[in-house]
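Per-entry structural report
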Amino acid sequence: MIIYQEHMQNITEASFADGFFDGWPNPPSTATFERILQNATHIILAIDEHTHHVVGFITALSDRVLTAYIPLLEVVPSYQNRGIGKELTRRMLDKLQDIYMIDLLCDTDLQDFYAGLGMRKATGMLIRNYEHQSGKKG
Ligand SMILES: CC(C)(COP(=O)(O)OP(=O)(O)OC[C@H]1O[C@@H](n2cnc3c(N)ncnc32)[C@H](O)[C@@H]1OP(=O)(O)O)[C@@H](O)C(=O)NCCC(=O)NCCS
């Protein structure tokens, strides 16, 4: 069974299942991944109750007044298509329900995934500094 937790208590580098940042040429290290989760305004972790491994996560950055941005959602490949990604997103949108602006960027093939969770399509702009893909030094 998958359990969901909104904090980093009892999470160590050994807690993360293999397979995060799938397809990233220069992914963050596990230590940097921990820092990302610690620094985010809100996190929700999906944890396999049997292995105690984190198998999915979602983060949000917010001013806690008007705006929030959801930069990262991922479920490791071996746990995909079991409803975990939808549950993580549902829970995060629920946490942010008193916030006016909730934004995220995604590829067009994922727009229906988010539309099914109540979001609507929009256009956006971005910059990617690829030399920092593994994370800013702490
Ligand atoms: C997107 C992601 C989080 C979904 O997690 P998941 O646990 O597999 O999702 P669920 O099981 O809750 O939902 C599966 C649904 O998402 C759809 N889906 C998953 N990945 C998709 C993709 N890349 N393109 C289109 N649809 C996708 C599946 O087709 C399925 O649709 P259905 O319910 O109509 O059958 C997961 O595929 C993932 O981690 N992908 C890599 C990272 C990523 O793209 N993150 C999103 C950043 S915006």
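A quick note: this is a predicted structure, and the numbers were derived from the prediction, not measured.

What the rule picks out here adds up to 9 aromatic pairs. Relative to Phe-33, the ring of Phe-16 has its centre 4.6 Å away and its plane inclined at 40 degrees; by these criteria the two rings are tilted. With Phe-16 in the loop between β1 (2–5) and α1 (30–39) and Phe-33 in helix α1, this residue pair connects regions lying 17 residues apart in the sequence. With respect to class, Phe-16 is no different from Phe-33; both count as buried. Between Phe-21 and Phe-33, the aromatic rings sit 5.1 Å apart at their centres with planes inclined by 85 degrees, giving edge-to-face as the arrangement. Taken together, the residues span a long stretch of sequence, with Phe-21 in the loop between β1 and α1 and Phe-33 in helix α1 at a distance of 12 residues. Accessibility classification places Phe-21 together with Phe-33 in one group, the buried group. By way of ring pairs, the aromatic residues Phe-16, Phe-20, Phe-21, Trp-24, Phe-33 and Phe-57 are connected into one cluster.

This part covers the site of the ligand. Near the ligand there are 16 residues, and of these Leu-73, Asn-81, Gly-83, Gly-85 and Lys-86 occur at the shortest range. Between an oxygen atom of the ligand and a main-chain N or O atom of Arg-82, the distance comes to 3.2 Å. Lys-86 places a polar side-chain atom, nitrogen or oxygen, 2.5 Å from an oxygen atom of the ligand. Notes on the ligand: free accessible area 890 Å², of which the protein chains cover 63%. When each cavity is represented as a set of grid points, the ligand is found to reside in the largest pocket. The set of elements that each furnish at least two residues to the shell around the ligand consists of β5 (73–75), α2 (84–95) and α3 (111–115). A class-by-class count of the residues in the shell around the ligand yields 8 nonpolar, 4 polar and 4 charged.

Ranked by size, the top nonpolar core spans 35 residues in total, and within it Phe-16, Phe-20, Leu-37, Leu-45, Phe-57 and Ile-70 carry the most contacts. Only α1, β2 (42–48), β3 (54–62) and α2 provide two or more residues apiece to this core. Sequence-distant contacts of Phe-20, that is, excluding residues within four places in its chain, are made with Phe-33, Val-54, Val-55, Gly-56, Phe-57, Glu-74 and Val-76.

Criteria and thresholds
- Residues numbered from 1 in each chain as written.
- Predicted model: local features only at pLDDT ≥ 70, side-chain atom pairs only at ≥ 80, totals over all residues.
- Heavy atoms only, no water.
- Phe/Tyr/Trp six-rings, centres within 6.5 Å; stacked < 30°, edge-to-face > 60°.
- Helix = DSSP H or I, 4+ residues; strand = E, 2+ residues; numbered from the N terminus.
- Buried < 20%, exposed > 50% of the residue type's maximum accessible area, 1.4 Å probe, protein only.
- Near = heavy atom within 4 Å.
- Polar contact = N/O pair within 3.5 Å; in protein donor to acceptor, adjacent residues only side chain to side chain.
- Areas by Shrake-Rupley, 256 points an atom, 1.4 Å probe, with all protein chains shown as cover.
- 1 Å grid on protein atoms, 1.4 Å probe; cavity = no way out; pocket = protein on both sides within 12 Å on 5 of 7 lines; lining within 4 Å.
- Sits in = over half its atoms within 2 Å of the grid points.
- Nonpolar A, V, L, I, M, F, W, Y, C, P; charged D, E, K, R; others polar.
- Core = buried A, V, L, I, M, F, W, Y, C linked by side-chain atoms within 4.5 Å.
- Contact = heavy atoms within 4.5 Å.

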